[in-house]
Amino acid sequence: LLSTNMSLWVDKYRPRELSKLDYHKEQAIDLQRLCEQQDFPHLMFFGNSGAGKKTRIMCILRELYGTSAERLRNETMTFTTPSNRKIEIMTVSSNYHMECKL
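Please read all numbers here as calculations on a predicted model, not as lab measurements.

Caption draft 1: Looking closely at the side chain of Ser93. Considering the arrangement of structural elements, one finds Ser93 in strand 2 (residues 86-93). Polar side-chain contacts of Ser93 include one of 3.5 Å to the side chain of Glu75. Those residues in contact with Ser93 that sit more than four places away from it in its chain are Arg71, Leu72, Arg73, Glu75 and Met98.

See below:
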């Protein structure tokens with residue numbers, strides 16, 4: 001129960017705009033410049049837990065697509081390897097991005 005409440009607190013107070021991020025400001029400014037261009041590149045984010053990846057990604061998506069980027073769905077994708085081994089990957093996605101934990 002505590003982790004559920006904590007998760008809601010974190011989501012409630014998470015910065016929602018790149019300009020509101022108070023750490024790695026140069027990186028946030030670079031990402032904001034990319035958002036202003038019409039040709040945004042594909043990006044892959046990685047790093048330690050708690051580094052701010054999800055916060056930055058959600059800020060970028062809101063900047064590019066508005067609040068519709070916040071409509072998320074959970075899915076399980078199943079892949080079959082050449083040796084017929086099945087691998088299931090849990091994803092969280094919107095119409096604009098996909099998050100997977102490998």
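Caption draft 2: Seen up close, the environment of Thr78. Within the secondary structure layout, Thr78 lies in strand 1 (residues 73-80). Residue Thr78 is classed as partly exposed on the basis of its relative accessible area of 45%. Excluding anything up to four places from it in sequence, Thr78 contacts Lys86, Ile87 and Glu88.

Caption draft 3: Representation of a nonpolar patch on the surface within the structure. A cluster of nonpolar residues, Trp9, Val10 and Tyr13, forms a patch on the protein surface that exposes about 340 Å² of accessible area. Here Val10 shows up in helix 1 (residues 2-13). With relative accessibility at 36%, the residue Val10 sits in the partly exposed group.

What counts, and where the lines are drawn
Residues numbered from 1 in each chain as written. Predicted model: local features only at pLDDT ≥ 70, side-chain atom pairs only at ≥ 80, totals over all residues. Heavy atoms only, no water. Helix = DSSP H or I, 4+ residues; strand = E, 2+ residues; numbered from the N terminus. Polar contact = N/O pair within 3.5 Å; in protein donor to acceptor, adjacent residues only side chain to side chain. Contact = heavy atoms within 4.5 Å. Buried < 20%, exposed > 50% of the residue type's maximum accessible area, 1.4 Å probe, protein only. Patch = residues over 30% accessible without salt bridge, like charges linked within 9 Å, V, L, I, M, F, W, Y side chains within 5 Å. Areas by Shrake-Rupley, 256 points an atom, 1.4 Å probe, with all protein chains shown as cover. Salt bridge = Lys/Arg side-chain N within 4 Å of Asp/Glu carboxyl O.

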